[in-house]
Amino acid sequence: FIPPEFPGRHFLLVEDNILNREIAMEILKVTGAEIDCAENGKEALDIFLASPGGYYDLILMDIQMPVIDGYEATKQLRASSHPDAERVPVIAMTANAFDEDRKKALEHGMNGHIAKPFDIDTFAETVLEYVKY
């Protein structure tokens, strides 16, 4: 496994579970991208909406979180007036890996889906699919 390299890129990782967040951070750290973290959908929205246009290259969004879940956070993000509201790829992260879960993620404005627990190769391939060099 050779991890993709994304120096100078910015990812927003939204995950309320500390262990899952740490695992994702370890996987993402080797890419060289800068990683910001949020613990719930409201915090993610606040961080994203405060960022300048073109700042985030990818958002990895947990689905089941307190305050605002990943579906609602993505829906609000897409409906916002932020210049990247429609551009930034949002990848759902969930333990629910059924076809209906993937479909629901797409219906809520997400671009893709990663199942937890993370398979490193699949995780890296999915990130690579949405973030171009």
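This text follows the structure it describes.
Residues numbered from 1 in each chain as written. Predicted model: local features only at pLDDT ≥ 70, side-chain atom pairs only at ≥ 80, totals over all residues. Heavy atoms only, no water.

Caption draft 1: Representation of the packing of helix H1 (residues 18–29) against helix H5 (residues 120–130). Where H1 meets H5, the closest approach of the two axes is 11 Å, and the angle between their N-to-C directions is 65°. At the point where H1 passes H5, the crossing takes the right-handed sense. Where H1 abuts H5, its residues Ala24, Ile27 and Leu28 lie against Ile120, Phe123 and Val127. Each residue belonging to the contact of H1 with H5 can be placed in one class, and the counts come to six nonpolar, no polar and no charged. (Axes fitted to C-alpha atoms, helices over the stretch in contact; angles between N-to-C directions. Helix = DSSP H or I, 4+ residues; strand = E, 2+ residues; numbered from the N terminus. Left-handed = near helix turned anticlockwise from the far one by under 90°. Contact = heavy atoms within 4.5 Å. Nonpolar A, V, L, I, M, F, W, Y, C, P; charged D, E, K, R; others polar.)

Caption draft 2: Spatial organisation of the nonpolar core. If you look at the biggest cluster of nonpolar residues, it comprises 20 residues, and the most contacted ones within it are Leu12, Val14, Phe48, Ile59, Met61, Val88 and Met110. Counting residues in each nonpolar core, the second largest holds 17 residues, with Leu13, Ile27, Leu28 and Ala33 among its members. (Core = buried A, V, L, I, M, F, W, Y, C linked by side-chain atoms within 4.5 Å. Buried < 20%, exposed > 50% of the residue type's maximum accessible area, 1.4 Å probe, protein only.)

Caption draft 3: Structural view of the packing of helix H2 (residues 41–50) against helix H3 (residues 70–79). Put simply, H2 and H3 touch, their axes get as near as 9 Å, and they point 20° apart. It follows from the interaxial angle that H2 and H3 lie roughly parallel. Between H2 and H3 lies a crossing of right-handed hand. Contact with H2, carried on its side by Gly41, Leu45 and Phe48, involves Ala73, Gln76 and Leu77 of H3 and no other residues of that element. Its residues assigned to classes, the contact of H2 with H3 comprises four nonpolar, two polar and no charged. (Parallel < 35°, antiparallel > 145°, perpendicular 65-115°, else oblique.)

Caption draft 4: Fine view of H1. Its twelve residues place the ends of H1 16 Å apart at the C-alpha level, agreeing with the 16 Å of an ideal helix rising 1.5 Å per residue. Taken as a whole, H1 has its buried residues at Arg21, Ala24, Ile27 and Leu28. Projected onto a plane normal to the axis of H1, the buried residues spread over an arc of 130° and lie on a single side. Facing away from the buried side of H1, by more than 90 degrees, are the exposed residues Ile18 and Leu19. Tucked inside the fold, the buried residues of H1 contact strand E1 (10–14), strand E2 (34–38), strand E3 (58–62) and H5. Structurally, the start of H1 carries an N-cap: the backbone nitrogen of Leu19 is 3.0 Å from a side-chain oxygen of Asn17. (Expected span 1.5 Å × (residues − 1). Arc of directions from axis to C-beta. Polar contact = N/O pair within 3.5 Å; in protein donor to acceptor, adjacent residues only side chain to side chain.)

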